[in-house]
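Working through the structure, step by step
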Amino acid sequence: MNRIGAFAGKLRVPALSIFVALFIGALFIIFTDVEVLGRLLSDPIGALSLGVGRAATAYSALLRGALGDPETIGKALASNGDVQLWARALRPIVESVVASVPLIFVGLGVSVAFRTGIFNIGGAGQYTMGAVGGTLAALIFGGGVTPAPIAIILVMIFGLIGGALWAFIPGFLKARVGASEVITTIMLNFIAAQFVFFLVSNFEFIQKPPRIQPVSKELSQFVDLPGILPIESLRLDIGIIVALLTAVAVSWFLFRSTRGFELRTAGLNIAAAKYAGMGAASSIITAMLISGAISGLGGALVAVGTVKQLSPGIAGSVGFTAIAIALVGGTRPSGVVATALVFGLLQHGGSLMQVTTSIPIEMLLFIQALVIAFIAAPELTLGIIKNPFVRRSKSVTK
Amino acid sequence: MKLELQGITKQFPGVLANDRISISVDKGQVLGLLGENGAGKTTLMNILSGLYRPDSGSIRIDGTERTFRDPAEAINAGIGMVHQHFMLVPVFDVTESVVLGSEPTKGPLGSFDRTTARAQVVELSKKHGLHVDPDAKIESLPVGVRQRVEILKALYRKSEILVLDEPSAVLTPQETEELFEIIRGLAKSGTAVIFITHKLNEVIAVADKITVLRRGTVAGETTPAAATAASLAEMMVGREVQLTVSRSKSKVLEPILEVNEMSVLNDAGAIAVDRATFEVRSGEILAIAGVQGNGQTELVEALTGLRPIDSGNVMLESKAFAAGSPREIASAGVAHIPEDRNRDGMVKGMTIAENYILNTYHLPQYSKRGLLDRKAISAATEKAVKDFDVRTPSIDTDIASLSGGNQQKVIVAREFSRNVRLVIAAQPTRGLDVGSIEYIHRRIVEQRDSGAAVLIVSTELDEVLALGDRVAVMYEGRIVGILDAKDATRERVGLLMGGIVA
């Protein structure tokens, strides 16, 4: 009973944060609508009901885009196994999961660093360099040079190495000369993107013919990650499986291993870690290596499997969204996976919302930012909605 | 003025901090308010100074009921607080510090009238016998004098009720005696004084009447004439307490720790420990006394591998360990109870079990092929929790939710879980309740009796005198004297603590 209570307690703030952020998002949709504003003075009730209707339309489009259209799903259920219909019914939710894969990886990666007390905000750069590693491995070993399974494994290994190397630099600098990882990792994000630009615009081996655009060759010609769904047109590949296994591995590492114990101690109380004889420098470097490797693995799998191409902007907003996810998920692997799935839903659902209601997808960035703000201020969040089940008691044992 | 607090009740979530507390102090009277940490003294004073509002109960001054919505109202009503941690600006001089916030002004622009201010401060200090140089910079003053400045500040604001919160914590015994003189003088001139402390001897020395708090209620009222230290301790704890540590004569054997001409720098690069030389032998307790900030922290950090030794050498069982890391030193048989348990001694947010293995987790008994052996860890922690009487619902409880005494027991259990040749205990009982102090002292003496060498660093003179077989005194980084227990009287140690080498 206590365990369930504790679990519910941990979920309280994140769940409330998402809920309140969506609510405020709705207010924004209502009060930024030109038509609503235009009628607000002359016909306030009509204007508000129009606004509420608009918000409802937007959020229902968001839901349909994220999870699927009930009507289509009904048809698919009635169709007795029509592959086309099933593909249409499942595509939204599958795409939402696809969108969450990079978030899971980078979210897990930065969580390991956060747990160690290092604010690694270089997830984007490490992810990008992992994508570089994976792309190079695909170009070198794919296309029949080595058997497909070996090529896939090499893609993953190169991704791990790419991300780890990129994270090693700020880790080493922090451990040796005390350089702030916040600054170094941000800078390395830019350098990683420019490095990709350099690669995909200067090398025939990499650049897509006829070498006009700064993008790599189509990678699916070299390595094809196996899908995991029986319907071929749904592009969910082994990336999600690797992501979930990584979450389990991270959890195991943090909470069961000796090294993980050292990292968590350093993260919670660096003075006590020194007192206990744990090497602070080696904790920093280990945490950064692992952190970068996980993000890099994600970069490689997504570049080769989902995007099938390397481009300078491959990381998109993954780096910053992943920081939010790590914080919302309490830097706990299970929390990170759950939050990444929710953010994946929001992201993919948001694209349909944009198409059907002309509400820009930036609205979702706004909602994500609000979620972070509320998570960062739990007292504020709890204050907004006084939860009757909340007993803020201090446990004192004498 | 006469101050009465009647039936003050203050409930915090899960804690009834004050339960119908009534105290009173008359014009010209000194009330000693005695209680352990957590007894409710601080809450009561925060209510009196306007920081909290009571759930029920009333504050009366000269018979009229008053409510304070904020500290400014309490100050205007004549209540002056002198906090344990001084609130002074180091670069200001005494005059500026005293008048800060209610400065005399002159001219149309209201510029600071320094001449008047200085004259007022001089007059005030003369009137109350508080000798300070009005032009001295705060940062150049010793702690005892800074405290006088705090008291002057309160008097300058026309306080007629003066509240002193643990005022002797930072003072040498001689400075404490001077403080008592000041308090007696203030009372004579009509000020009502509330003197908050957990030190039994002090209330007996200075108070006119004594109120004892226990667990948020008034446990008893008495007078110094009727009370003894033992009776007060019993009132404070609720049961009979052994005030002296019972211990047999020590069987002193070979030296375990030899420190030779050791110098250590502080964070700013200045000399914090200046050529310290001493030894601690098997079967004895060497207690290092001294006012806080005289190099004790750096001394302990150097001996435990947390701070480099600048010069000199240190031998542990005849082996040099000057370059040792904390882990090497720990595995050589050194137990370290750190000065600041919140900062160094434990990791809040981790469980009791995790804190128990904090510096032994890497040993084969707990770690196999890079993974923690949770069964072995649980079994060892369960045993330690039982052996050391740690009161906790479970070993998986976050250590942050334990009381200070139980937290310290976990730390002591951890440090004594290894083979111990040398115990280095810095402020081992700071902030603990009497029961826990008793317990931890007993455990330390046990280590000595089983042949370990024990080095205790404490700013509490009572603790030093109760435990030390020999007493060393540190002053400005130097060991200014080492006395045998039989020669270590309160007066001699006190003089040494003030840097006076007879």
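Note that the structure is a prediction, hence the values are computed from the model and not measured. Numbering of residues starts from 1 in each chain and follows the order in which that chain's sequence is written. Lettering of chains starts at A and numbering of ligands starts at 1, both following the order in which they are written. Per-residue local features of the predicted model are confined to residues with pLDDT of at least 70, and side-chain atom pairs are confined, for both listing and counting, to 80 or more; whole-chain, interface and lining totals are unaffected and use all residues.

A look at the overall build of chain A
In DSSP terms, a helix is any run of H or I states spanning at least four residues, a strand is any run of E spanning at least two, and both are numbered starting from the N terminus. For chain A, the count of helices and strands is 16 helices and zero strands. Its C-alpha atoms give chain A a radius of gyration of 23 Å, within 12% of the compact-globule value 21 Å for 398 residues. Seen along its three principal axes, the alpha-carbon backbone of chain A occupies a region of about 70 × 65 × 45 Å. Here a residue counts as buried when 20 or more other C-beta atoms sit within 10 Å of its C-beta, as exposed when there are 12 or fewer, and as partly exposed otherwise, the C-beta atoms being derived from the backbone. The 398 residues of chain A split such that 48% are buried. What counts as a contact here is a pair of residues whose C-beta atoms, placed from the backbone, lie within 7 Å. Considering only residue pairs separated by 6 or more positions, chain A has 76% of its internal contacts joining residues 24 or more positions apart. A radius of gyration in this sense is built from C-alpha atoms; the matching globule rule multiplies 2.2 Å by the number of residues raised to 0.38.

Structural notes on helix H10 (residues 258-268) of chain A
In terms of burial, H10(A) is a largely internal element, nine of the eleven residues being buried. Turning to H10(A), its buried residues number three or more, namely Arg259(A), Gly260(A), Phe261(A), Glu262(A), Leu263(A), Arg264(A), Thr265(A), Ala266(A) and Gly267(A). Buried residues belonging to H10(A) abut helix H5 (83-115), helix H9 (238-256), helix H11 (270-275) and helix H12 (280-307) of chain A together with strand E20 (371-372) of chain B.

Comments concerning the nonpolar core
Note that soluble globular proteins tend to have their nonpolar side chains buried in a common cluster. Each nonpolar core reported here comprises buried Ala, Val, Leu, Ile, Met, Phe, Trp, Tyr and Cys residues connected via C-beta atoms within 7 Å. Of all hydrophobic cores here, the largest spans 255 residues; its most connected members are Ile104(A), Val155(A), Val163(B), Val193(B), Phe195(B), Leu422(B) and Leu455(B). A per-element tally of this core places H5(A) first, with 15 residues. When sequence neighbours within four positions are dropped, the list of residues in contact with Val163(B) reads Met45(B), Leu48(B), Ile79(B), Gly80(B), Met81(B), Val82(B) and Ile194(B).

Side note on helix H9 (residues 296-303) of chain B
Residue and element names in this part refer to chain B. Within H9, eight of the eight residues are buried, which leaves the element mostly enclosed by the surrounding structure. The complete set of buried residues in H9 reads Gln 296, Thr 297, Glu 298, Leu 299, Val 300, Glu 301, Ala 302 and Leu 303. Looking at the residues trailing H9, positive phi occurs at Gly 305, about 85°.

Side note on the interface of chain B and chain A
Contacts between chain B and chain A engage 32 residues on the former and 21 residues on the latter. For the side of chain B that touches chain A, the class distribution of residues is 15 nonpolar, twelve polar and five charged. Residue classes follow a fixed rule: Ala, Val, Leu, Ile, Met, Phe, Trp, Tyr, Cys and Pro count as nonpolar, while Asp, Glu, Lys and Arg count as charged, and any other residue, Gly among them, counts as polar.

Points about the domain arrangement of chain B
Residues and elements named next belong to chain B. As assigned here, chain B comprises domain 1 (3-237), domain 2 (255-333 + 419-497) and domain 3 (344-403). Just so you know, the domain bounds were taken from an automatic or database domain assignment. Averaged C-alpha coordinates put domain 1 and domain 2 at centres separated by 34 Å. Of the residues contributing to the side of domain 1 that touches domain 2, the split by class is five nonpolar, three polar and one charged.

Remarks on the sheet that holds strand E9 (residues 161-165) of chain B
Residue and element names in this part refer to chain B. Judged by pairing direction, the sheet is mixed, and its six strands sit side by side in the order E6-E9-E10-E3-E11-E12 without closing on themselves. Whereas interior strands pair on both sides, the edge strands pair on one side only; in this sheet they are strand E6 (79-82) and strand E12 (217-222). Geometrically, the sheet is characterised by an average inter-axis angle of 20° between neighbouring strands, direction not taken into account. The pairing criterion for strands is at least two bridges between them, as found by DSSP. Here five bridges tie strand E3 (residues 30-34) to strand E10 (residues 192-197), and the two strands are oriented parallel to one another. For Val 30, the partnering residue across the bridge sits in E10 and is Val 193. Axis lines are fitted through C-alpha atoms, for helices just across the contact stretch, and the angle between N-to-C directions can take any value from 0 to 180 degrees. Taken strand by strand, helix H5 (residues 143-156) contacts E6 and E9, and its axis lies near 165° from that of E6.

Side note on the confidence of the model for chain A
Residue and element names in this part refer to chain A. The predictor attaches a confidence to each residue, called pLDDT, with possible values from 0 through 100. Of all residues in chain A, 92% have pLDDT values of 70 or greater, and the mean over the chain is 88. Put simply, helix H16 (residues 378-384) is where chain A has its lowest mean pLDDT, 66, and helix H6 (residues 123-141) is where it has its highest, 96. Across residues 387-398, confidence stays below pLDDT 50; counting only partners more than four residues off in sequence or on other chains, it has 22 contacts.

Quick word on unusual backbone geometry
Following Pro209(A), the chain continues to Pro210(A) via a peptide bond in cis, the omega torsion being 5°. By secondary structure assignment, the location of Pro210(A) is in the loop between helix H8 (181-202) and H9. In this model, Glu166(B) sits at a positive phi of 45°, which is unusual for a non-glycine residue. When you line up the elements, Glu166(B) lands in the loop between E9 and helix H6 (173-188). Classification of Glu166(B) as partly exposed rests on a count of 18 C-beta atoms within 10 Å.

Notes on the sheet that holds strand E13 (residues 255-265) of chain B
Sheet strands line up and pair through hydrogen bonds in the backbone, either parallel or antiparallel. All names here are of chain B. Pairing is antiparallel in the open sheet, where four strands are placed in the order E14-E13-E16-E17. Looking at the sheet topology across the chains shown, the edges are occupied by strand E14 (271-281) and strand E17 (319-320). The pairing of strand E16 (residues 311-316) with E17 spans two bridges and is classified as antiparallel. In the strand pairing of E17, Met 315 is matched with Ala 320. Across the sheet, H9 is in contact with E13, E14 and E16; its angle to E14 comes to roughly 60°.

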